[in-house]
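The residues making up each chain are set out below.
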Amino acid sequence: MHIEYLYYFRDFSKSLSISKTAAEYYMTPQGLSRALHQLEKDFGITLMAYNNNAVTLTPAGKELAERVEGIIAQYDDARGALTKYKLSEIAPSQGIVRVTVTSCVSRYLLTLLGLQQPGLFPFAVKVNEANIYRLVPHLLSRENEDCLGIVSFPATNRHRQIVEAAIEEEDLVYRPLAVSPLVAVVSEFSPLSSKKVITPKDLDSCQIARYRDTVLGDALDDYVREDNIKTITNASSVVYDQVIEHQAVSFAPKLAEGMRTLPQHVVLKPTEGLFSTEFGTLVAKRNISSANVDRVLDYIEQKLEEEREKPRYFKTFEMLSS
């Protein structure tokens, strides 16, 4: 069972609103629904009942709602108690900068940046991955450590407002880095492979390739077509199978061209009328004055500037930072 599902259920049980709860965690309603249904499977019971588009709690759901706060409190208390052991294992003199990234960054940008190369910095850089709705609390919880986040999100007004709201509410500093156009990932046998450019209209009859696994699906629900709420995800081996076998279509930032890891019979096609993926850094204001954090931020920007003119990543992204 994934502990975050209990957090979702706790907040959902108070409002009984899928859309409101999803917005609080920067998720799509579909992603939240999958998580709640997975929670039902984990417990082996029905927690929610549906009637005339209204959602209510079953008796079992009501009992879990009464107990879930205590479960979460105990988990948080245990996690806090164990932190001292983790901190004691890390001598401050080692110098560590922890970098938390979203899944899209992990897949497409980390290879380019190479942040964990030995000897790159006079301190260690540790990278971990989190969904954007978990990344902000993760940054804020590391009060005694140097840390920063690298995030990605669809460059639409709706998603930008979500990010800006999180920044304002949590006193974070956001620095835009780069933007990469969206490319379609299709089978070479698909009718779409013959098109020079793929538009939203071309997708109306297409199956959208996505992760079957609910956790990965939730983590990679980065892209949402706002007109009809079709969820599309980053390309991966699981998605590639659907692209090839079912002639489905998936999407990725144009940075995928620089990865050079496409399987046989899969091609990338430019898109038009969709949106780009924006990448940027998030830093808690208390870490802005950290020399180590500042050094990592400077390196990221310099590395992107260098790579965008090299053959591997040429014209796959444009810089946004000044």
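Structure shown above.
Procedures and definitions
- Residues numbered from 1 in each chain as written.
- Predicted model: local features only at pLDDT ≥ 70, side-chain atom pairs only at ≥ 80, totals over all residues.
- Heavy atoms only, no water.
- Helix = DSSP H or I, 4+ residues; strand = E, 2+ residues; numbered from the N terminus.
- Contact = heavy atoms within 4.5 Å.
- Areas by Shrake-Rupley, 256 points an atom, 1.4 Å probe, with all protein chains shown as cover.
- Salt bridge = Lys/Arg side-chain N within 4 Å of Asp/Glu carboxyl O.
- Patch = residues over 30% accessible without salt bridge, like charges linked within 9 Å, V, L, I, M, F, W, Y side chains within 5 Å.
- Lys, Arg positive; Asp, Glu negative; His and termini not counted.
- Charge placed at Lys NZ, Arg CZ, Asp CG, Glu CD.
- Buried < 20%, exposed > 50% of the residue type's maximum accessible area, 1.4 Å probe, protein only.
- Polar contact = N/O pair within 3.5 Å; in protein donor to acceptor, adjacent residues only side chain to side chain.
- Axes fitted to C-alpha atoms, helices over the stretch in contact; angles between N-to-C directions.
- Parallel < 35°, antiparallel > 145°, perpendicular 65-115°, else oblique.
- Nonpolar A, V, L, I, M, F, W, Y, C, P; charged D, E, K, R; others polar.
- Core = buried A, V, L, I, M, F, W, Y, C linked by side-chain atoms within 4.5 Å.
- 1 Å grid on protein atoms, 1.4 Å probe; cavity = no way out; pocket = protein on both sides within 12 Å on 5 of 7 lines; lining within 4 Å.
- Points joined across faces, edges and corners; volume = space filled by probe spheres on them.
- Phe/Tyr/Trp six-rings, centres within 6.5 Å; stacked < 30°, edge-to-face > 60°.

Now for the overall build of the protein. Tallying secondary structure elements over the protein gives 12 helices and 12 strands in all. Restricting to contacts in the protein with at least 6 residues of sequence separation, those with at least 24 account for 74%. As displayed, the protein has an accessible area near 15,900 Å², and 50% of this comes from carbon and sulfur atoms.

Here we take up the pattern of salt bridges. Tallied over the full model, the rule gives 13 salt bridges. Between Glu69 and Arg10 there is a salt bridge whose closest N-O contact spans 3.4 Å. With Glu69 in helix α4 (residues 59-89) and Arg10 in helix α1 (residues 3-15), this residue pair connects regions lying 59 residues apart in the sequence. When the shortest N-O distance is used, the salt bridge between Arg308 and Glu318 registers 3.7 Å. With Arg308 in the loop between α12 (291-307) and β12 (318-319) and Glu318 in strand β12, this residue pair connects regions lying 10 residues apart in the sequence. Three or more residues are tied together by salt bridges with common partners; here these are Arg10, Asp11, Lys14 and Glu69.

A separate point is a negative patch on the surface. Together, Glu164, Glu168, Glu169 and Glu170 make up a region of like negative charge exposed at the surface. Among the residues examined, Glu169 registers a relative accessible area of 59% and is labelled exposed.

Moving on to the side chain of Glu278. Tracing the backbone through its elements, the reader meets Glu278 in strand β11 (residues 276-284). Overall, the relative accessible area of 5% leaves Glu278 in the buried class. Only 2.8 Å separates the side chain of Glu278 from the side chain of Arg160, close enough to count as a polar contact. With residues near it in sequence (within four places) discarded, Glu278 still touches Val151, Ser152, Phe153, Ala155, Arg160, Tyr174, Pro176, Ala178, Val179 and Leu320.

Right, let's talk about the packing of α1 against helix α3 (residues 29-43) for a bit. Taken N-terminus to C-terminus, the directions of α1 and α3 make an angle of 110 degrees; their axes are 9 Å apart at the nearest point. In terms of their interaxial angle, α1 and α3 are classed as roughly perpendicular. Facing Tyr5, Leu6, Tyr8, Phe9 and Phe12 of α1, the residues of α3 in contact are Leu32, Ala35, Leu36, Gln38, Leu39, Asp42 and Phe43. Class assignment of the residues belonging to the contact of α1 with α3 gives a composition of 10 nonpolar, one polar and one charged.

Ranked by size, the top nonpolar core spans 42 residues in total, and within it Leu109, Leu115, Leu148, Ile150, Val296, Ile300 and Leu304 carry the most contacts. No other element matches α12, which puts six residues into this core. Not counting the four nearest positions on each side in its chain, Ile300 is found in contact with Leu113, Leu115, Ile150, Leu177 and Thr281.

Let's shift gears to empty space enclosed by the protein. Applying the stated criterion across every chain, the model contains one cavity of 30 Å³ or more. Within this model, the largest cavity holds a volume of roughly 50 Å³. In terms of lining residues, the largest cavity is bounded by Tyr26, Ile132, Val136, Ile162, Val163, Ala166 and Leu282. Of all the secondary structure elements, the ones that give two or more residues to the lining of the largest cavity are α7 (132-141) and α8 (157-170). The element contributing the most residues to the lining of the largest cavity is α8, with three residues.

Counted according to the given criterion, the structure contains four aromatic pairs. Ring centres of Tyr5 and Tyr8 lie 5.9 Å apart, and the angle between their planes is 35 degrees; this geometry places the pair in the tilted category. Taken together, the positions of Tyr5 and Tyr8, both in helix α1 and three residues apart, correspond to about one turn of that helix. Measuring from ring centre to ring centre gives 5.4 Å for Phe121 and Tyr299, while their planes differ by 80 degrees; the resulting arrangement is edge-to-face. One end of the pair, Phe121, is in the loop between α6 (110-113) and β4 (124-129); the other, Tyr299, is in helix α12, with 178 residues separating them in the sequence. Assessed through its relative accessible area of 10%, Phe121 is described here as buried. Among the aromatic residues, those joined into a cluster by ring pairs are Phe121, Phe123 and Tyr299.

Keep in mind these values describe shape, not function.
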